[in-house]
Amino acid sequence: MTRRAVVVGTGHYLPERVVENAEFEATLDTTDEWIRSRSGIERRHFAAEGETTSDMAAKAAERALADAGLTADDVDAIVVATSTPDLTFPSAATMVQSKLGMTKGFAFDVQAVCAGFVYALSNASALIASGQANRVMVIGAETFSRIMDWTDRGTCVLFGDGAGALLLEAQEQPGTNADRGILATDLNSDGRYKDLLYVDGGVSTQSTGHLRMQGNQVFRHAVEKLASTANTALDRAGLSAADVDWIVPHQANIRIIQGTAKKMGLSMDNVVVTVQDHGNTSAASIPLALSVGKERGQIKEGDLIVTEAIGGGLAWGAVVLRW
Ligand code: UT7
């Protein structure tokens, strides 16, 4: 038998304020048509004044606990993937821990920008497989609206805020690729590409900074690296793209999502797409899409799912799991 990290609950939270593409036409040299056709984004949510990453993360986690029929006392660890924590420290994860009323276990953040959730899932799976935790709440939560340069039309129209959570539980499975749970992961980074996507501020440079991106350069790396990491993870699980029920990709750009599916030989009928309603929510985009995909009735128990993401670093990776 093999100890696997099986998803037993999902939840998500989106801030109340919805911003349609057309709103940007008042302040920027842009159009709804450009944003829609170049990125697939139609609207996004922005956090309210004073609403923080850990507030949203805690709400998503509460919903995942309710979905699983469990309480915070049943959780051993919290991992939050974020690049936009409330404070420099303590971690957003410990703030979530306190908001959930959880007084035991451990909590920490993972920072791998848009690939953060894939990195966090991989870490959580290892914690479970090694017996260090039985239940891990894995959350992706971001307030990217706080790091936008509102005069840069090439970036500020693309990002949004939100949070998604998966509750993972250790379950003994037969040890084959028909098991439920996380079956394989693949993580990569290449720091030589730092200048393609970064924030031009931080603690040791004493500013908050704004997101800077050479979008078309990131785009070029994305399709190739995403298809490659997804295929590597599938290969590690002894599976291939033909076995996949759903790709649940990082939701940055519909053209990247389509290009990756095509490169893997899969139809868009096998892809969960939320980018039109959420924009790019960085580390929150995959758990948001998983939670929404389950709500829509797309994702069902036993489905084989591949998640993949790429972002600043560059950092990228994929996780293969059976729901
Ligand atoms: O999540 C982390 C990873 N990030 C990504 O995966 C994002 C990857 N990149 C992308 O999604 C796309 O590259 C973008 C959506 C950012 C841009 O699409 P593109 O087809 O690569 O356009 P481009 O950057 O090559 O720009 C084309 C033109 C430029 O004008 P010129 O130089 O051709 O005259 C831009 O200035 O579009 C212009 N442009 C805009 N026009 C209207 C850029 N932003 C806008 C805008 N409205 N908002």
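Residues numbered from 1 in each chain as written. Predicted model: local features only at pLDDT ≥ 70, side-chain atom pairs only at ≥ 80, totals over all residues. Heavy atoms only, no water.

> Mind laying out the site of the ligand, listing which residues take part and the relevant values?
Around the ligand lies a shell of 23 residues, among which Thr30, Arg38, His250, Asn253 and Asn280 are the nearest. For the ligand, an oxygen atom lies 2.9 Å from a polar atom in the side chain of arginine 255. Breaking the shell around the ligand down by element, the ones donating at least two residues are α1 (32-39), α5 (215-236), α6 (254-263) and β12 (304-311). At 4 residues, α5 tops the list of elements feeding residues into the shell around the ligand. (Near = heavy atom within 4 Å. Polar contact = N/O pair within 3.5 Å; in protein donor to acceptor, adjacent residues only side chain to side chain. Helix = DSSP H or I, 4+ residues; strand = E, 2+ residues; numbered from the N terminus.)

> Residues and numbers for the sheet that holds strand β4 (residues 77-81), please.
To summarise the sheet geometry, strands pair through backbone hydrogen bonds and adopt either a parallel or an antiparallel arrangement. Pairing within the open sheet is mixed, and its 5 strands lie in the order β1-β7-β6-β4-β5. Of all strands in the sheet, those bounded by a partner on one side alone are β1 (2-13) and β5 (106-110). With strand direction ignored, the average angle separating the axes of adjacent strands in the sheet is 20°. As paired strands, β1 and strand β7 (residues 161-173) are joined by 11 bridges and run antiparallel to one another. Bridging from a neighbouring strand, tyrosine 13 pairs with alanine 163 of β7. Here helix α2 (residues 53-68) sits on the sheet in contact with β1, β6 (135-143) and β7, set at roughly 120° to β1. (Pairing = 2+ DSSP bridges. Axes fitted to C-alpha atoms, helices over the stretch in contact; angles between N-to-C directions. Contact = heavy atoms within 4.5 Å.)

> How would you explain the nonpolar core if you had to name every residue and give the values?
Counting residues in hydrophobic clusters, the biggest one holds 49 residues, and the most contacted among them are Phe24, Leu234, Met264 and Val320. Mapped by element, the contributors of at least two residues to this core are β8 (181-189), α5, α6, β12 and β13 (315-322). The element that contributes the greatest number of residues to this core is α5, accounting for 8 residues. For this core, the domains that each give at least three residues are domain 1 (2-173) and domain 2 (181-322). Look past the residues within four positions of valine 320 in its chain and what remains in contact with it is Gly181, Ile182, Leu183, Ala184, Ala233, Leu234, Ala237, Leu239, Leu304, Ile305 and Val306. (Core = buried A, V, L, I, M, F, W, Y, C linked by side-chain atoms within 4.5 Å. Buried < 20%, exposed > 50% of the residue type's maximum accessible area, 1.4 Å probe, protein only. Domains from an automatic or database assignment.)

Purely spatial values, then, with no claim about function.
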